[in-house]
Amino acid sequence: MRSFVIMNDVNFYFLKDTNFSKALTQLLEKAIGIGLNILIRTNSVESTEEVDEILWSYNLSRFLPHSKSGDNYCSLSPIYITSENENPNCSEYLFIVGN
């Protein structure tokens, strides 16, 4: 049996004049700061790898704890990146990243 969660808010961000990496990391920092788990859904394995690289390299003095498809202990990670239909960290927020 599946259980469903009712969403209260839906926010859309169309990044026309803003750097994608900067916007993504700022939104993730806000969500992590209030203790939420986040699922980042990408449109391909390659995009998953790109987002993973962004989170590893965006700021050398900060770290956004995350994992991606195929990593160990994904359920313990507050940010999970995947192109698959999965949610191992029971995320409350969904970021859809793609073209």
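Below, the structure is looked at part by part. On a predicted model such as this, the values are computed, not experimentally measured, just so you know.

Here's the deal with unusual backbone geometry
Turning to step 1, where the next piece is worked out: Unlike most non-glycine residues, Y73 shows phi in positive territory, near 60°.
Turning to step 2, where the next piece is worked out: Among the structural elements, Y73 can be located in the loop between β2 (67-68) and β3 (79-82).
Turning to step 3, where the next piece is worked out: Unusually for a residue other than glycine, C90 sits at a positive phi of about 50°.
Turning to step 4, where the next piece is worked out: Tracing the chain through its elements places C90 in the loop between β3 and β4 (93-97).

Quick notes on helix α2 (residues 45-57)
Turning to step 1, where the next piece is worked out: Relative to the 18 Å expected for 13 residues at 1.5 Å per residue, α2 spans 19 Å between its end C-alpha atoms, a close match to the ideal helical length.
Turning to step 2, where the next piece is worked out: Along α2, the residues classified as buried are S47, T48, V51, D52, I54 and L55. Across the axial projection of α2, the buried residues extend over an arc of 160°, all falling on one side. Set apart from the buried face of α2 by more than 90 degrees, the exposed residues are V45, E46, E50 and W56.
Turning to step 3, where the next piece is worked out: Those residues of α2 hidden inside the fold are in contact with α1 (20-33), β1 (38-42), β2, β3 and β4.

Rules of the game
Residues numbered from 1 in each chain as written. Predicted model: local features only at pLDDT ≥ 70, side-chain atom pairs only at ≥ 80, totals over all residues. Heavy atoms only, no water. Helix = DSSP H or I, 4+ residues; strand = E, 2+ residues; numbered from the N terminus. Expected span 1.5 Å × (residues − 1). Buried < 20%, exposed > 50% of the residue type's maximum accessible area, 1.4 Å probe, protein only. Arc of directions from axis to C-beta. Contact = heavy atoms within 4.5 Å.

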